Amino acid sequence: VQLQACGGGLVQPGGSLRLSCAASGGTFSRYVMGWFRQAPEKEREFVAAISWTSTHTHYSDSVKGRFTISRDNAKKTVYLQMNSLKPEDTAVYYCALEASSGNQVLVGEREYDVWGQGTQVTVSS
């Protein structure tokens, strides 16, 4: 299985972006999907996660109420809608999948099996 993330770019504070992450191969509908980010000189951190059936979602406190994770299993794609962006959201955003834990959400970086290549999001005026 491979993951391909896209949708990053430069946006002004208060703006919006939607990231996409498409999977090739595997049984996407049985993968827990997550988004993480890594800002310059900082460790990678959890952003959001979604269960197989979208029943469960979880967000970091820093993005709760501004970001929305969703998935389309038919398209094998997970999305991250980011609204009210702030300069501190600037980072490389990574999508990841976990294939064996069941229909739940996971927040630990080490729990994920496969990672996408990352897409840069820059929030600046």
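Scroll up a little and you will see the structure.
Keep in mind that what you see is a predicted model, and the values were worked out from it rather than measured.

A few words on the overall build of the chain. Summing up its helical and strand segments, the chain has zero helices and 11 strands in all. Computed over C-alpha atoms, the radius of gyration of the chain comes to 13 Å, within 12% of the 14 Å expected from 2.2 N^0.38 for 125 residues, which places it in the range of a compact globule. Dimensions of the chain, computed from the C-alpha atoms along their principal axes, are close to 40 × 25 × 25 Å. In the chain, buried positions account for 44% of the 125 residues. Carbon and sulfur atoms make up 46% of the accessible area of the chain, which totals about 6200 Å². Each charge class in the chain can be summarised by its mean position, and for the 12 positive and 11 negative side chains these summaries are 7 Å apart.

Turning next to the packing of aromatic side chains. Per the counting criterion, the structure on display carries five aromatic pairs. Ring plane angle 80° and centroid distance 6.4 Å describe the contact between F28 and Y31, whose orientation is recorded as edge-to-face. No difference in accessibility class separates F28 from Y31, as the two residues are buried. Here the guanidinium or amino end of R44 rests over the ring plane of W115, the centre of that ring lying 3.9 Å away.

Taken in spatial order, the four strands line up as β1-β3-β8-β7 in an open sheet, and their pairing is antiparallel. The sheet terminates laterally at β1 (2–6) and β7 (67–72), the two strands that pair on one side only. Here the strands of the sheet are splayed against their neighbours by 15° on average, with no regard to which way each runs. As paired elements, β1 and strand β3 (residues 17–24) share five bridges and run antiparallel to each other. Within β3, the residue paired with L3 across the bridge is A23.

Cut-offs and rules
Starting from 1, residues in each chain are numbered consecutively following that chain's sequence as written. It should be noted that, the model being predicted, local features are given only for residues of pLDDT at least 70 and side-chain atom pairs only at 80 or more, the latter also being counted only at that level, while totals for whole chains, interfaces and linings use all residues. The basis for every side-chain value is the complete set of heavy atoms in the structure, and neither hydrogens nor water enter the calculation. A run of DSSP states H or I qualifies as a helix once it reaches four residues; a run of E qualifies as a strand once it reaches two. Both are numbered from the N-terminal end. With the radius of gyration taken over C-alpha atoms, the globule rule is written as 2.2 Å times the number of residues to the power 0.38. Burial classes: relative accessible area under 20% of the type maximum marks a residue as buried, over 50% as exposed, and values in between as partly exposed (1.4 Å probe, protein chains only). All accessibility values rest on the Shrake-Rupley procedure with a 1.4 Å probe; residue burial counts only the protein chains present in the view. The positive count covers Lys and Arg only, the negative count covers Asp and Glu only, and His and the chain ends enter neither. A charged residue contributes its charge at one atom only: NZ of Lys, CZ of Arg, CG of Asp or CD of Glu. Stacked, edge-to-face and tilted are the three classes for Phe, Tyr and Trp ring pairs, Trp counted by its six-membered ring, which pair at centre distances within 6.5 Å; planes under 30 degrees apart are stacked, over 60 edge-to-face, the rest tilted. Remark: a charge is flagged as sitting over a ring if the NZ atom of Lys or the CZ atom of Arg is within 6 Å of the ring centre and within 35 degrees of the ring normal. Note on pairing: two strands pair once DSSP finds at least 2 bridges between them. Only the stretch in contact is used when fitting a helix axis, every axis being a line fitted to C-alpha atoms; angles between N-to-C directions are given from 0 to 180 degrees.

By themselves, these observations are geometric and do not establish any function.
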